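Chain and residue survey
Residues per chain are reported as follows:
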Amino acid sequence: DAKTTQPNSMESNEEEPVHLPCNHSTISGTDYIHWYRQLPSQGPEYVIHGLTSNVNNRMASLAIAEDRKSSTLILHRATLRDAAVYYCIPQERGATNKLIFGTGTLLAVQP
Amino acid sequence: GAVVSQHPSRVICKSGTSVKIECRSLDFQATTMFWYRQFPKQSLMLMATSNEGSKATYEQGVEKDKFLINHASLTLSTLTVTSAHPEDSSFYICSVDGQVRDTQYFGPGTRLTVL
């Protein structure tokens, strides 16, 4: 399983963009890069995922480096409800699509 | 996405008793479900992969005789913590493999406290 490195914590102000980085230098060529987030006392929820190209959805954007050794999750306008732990997870597609969670980044959003 | 429920949301039990936690996929037929455990201030740890109609696959270091998993239907998987001890107190979370959608859908979690 590819290892990931994320900042332990980050702070943002409400209504401002947030860039959450993740290094995954040992990622294999077939691993997708998934992002999940976990609000306090809840199960994680899916945010976004991609393979090589940048991806956008209603929640966020995912920018993937050309060498795929790093990626950045972009929240365009942070809200108080975005305060959560964000996990970057390389996932090998296969018979079992299991997710191995790292330590993640705790995002605090200030009003 | 799929809606996943867990029951109970919170349980307190005495040491030595067994506790069953249910995970239901309400609108999606799940061939594969996953069980995780999360201690306070820590990340999720995958315990096992639950496959409908077959035996679960446990991660290294997880005792299969202590954490019994049953996945008898496409909408229900159960985790039974047998002879629970205080060190088993944790937040237990299940997820459904979205397969084609390449995502997992998580339940809200079950807080287990063993006295």
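Residues numbered from 1 in each chain as written. Chains lettered and ligands numbered in written order. Predicted model: local features only at pLDDT ≥ 70, side-chain atom pairs only at ≥ 80, totals over all residues. Heavy atoms only, no water.

1. Some words on the interface of chain B and chain A
Interfaces are often sized by the accessible area lost when the parts come together. With 19 residues of chain B in contact, the opposing surface of chain A contributes 19 residues. Summed over both sides, the interface between chain B and chain A buries roughly 1500 Å², with carbon and sulfur atoms accounting for 51% of that surface. Between the two partners, chain B and chain A, sit one salt bridge. For the salt bridge of A:Lys98 with B:Glu59, the shortest nitrogen-to-oxygen distance reads 3.1 Å. There are four residue pairs in polar contact (both at pLDDT 80 or more) connecting chain B and chain A. Secondary-structure elements contributing two or more residues to the side of chain B that touches chain A are β4 (32-38), β9 (90-97) and β10 (104-106) of chain B. For the side of chain B that touches chain A, the residue count by class is eight nonpolar, six polar and five charged. (Contact = heavy atoms within 4.5 Å. Buried area = accessible area lost by both parts, 1.4 Å probe. Salt bridge = Lys/Arg side-chain N within 4 Å of Asp/Glu carboxyl O. Polar contact = N/O pair within 3.5 Å; in protein donor to acceptor, adjacent residues only side chain to side chain. Helix = DSSP H or I, 4+ residues; strand = E, 2+ residues; numbered from the N terminus. Nonpolar A, V, L, I, M, F, W, Y, C, P; charged D, E, K, R; others polar.)

2. A few points about the sheet that holds strand β1 (residues 9-13) of chain A
Residues and elements named next belong to chain A. Pairing within the open sheet is mixed, and its five strands lie in the order β1-β9-β8-β3-β4. In the strand order of this sheet, the two ends are held by β1 and β4 (45-50), each with one partner. Taken pair by pair, the neighbouring strands of this sheet meet at an average axis angle of 25°, ignoring direction. Pairing geometry for strand β3 (residues 31-38) and strand β8 (residues 84-92), over eight bridges, is antiparallel. The residue of β8 that forms the bridge with Tyr32 is Gln91. (Pairing = 2+ DSSP bridges. Axes fitted to C-alpha atoms, helices over the stretch in contact; angles between N-to-C directions.)

3. A short note on the state of the cysteines
Inspection of every chain in the model, using the stated rule, returns two disulfides over all chains. With its sulfur 2.1 Å from that of its partner, A:Cys22 forms a disulfide with A:Cys88. Since a negative S-S torsion denotes a left-handed disulfide, the A:Cys22-A:Cys88 link at about -75° is left-handed. Placement of the pair is A:Cys22 in strand β2 (residues 18-23) and A:Cys88 in strand β8, with a sequence separation of 66 residues. Considering cysteine sulfurs only, B:Cys94 is the nearest to B:Cys13, which forms no disulfide, with 18 Å between them. B:Cys13 sits in the buried class, given a relative accessible area of 9%. (Disulfide = S-S within 2.5 Å. Buried < 20%, exposed > 50% of the residue type's maximum accessible area, 1.4 Å probe, protein only.)

Fair warning: the whole summary comes from geometry, so function is off the table for now.
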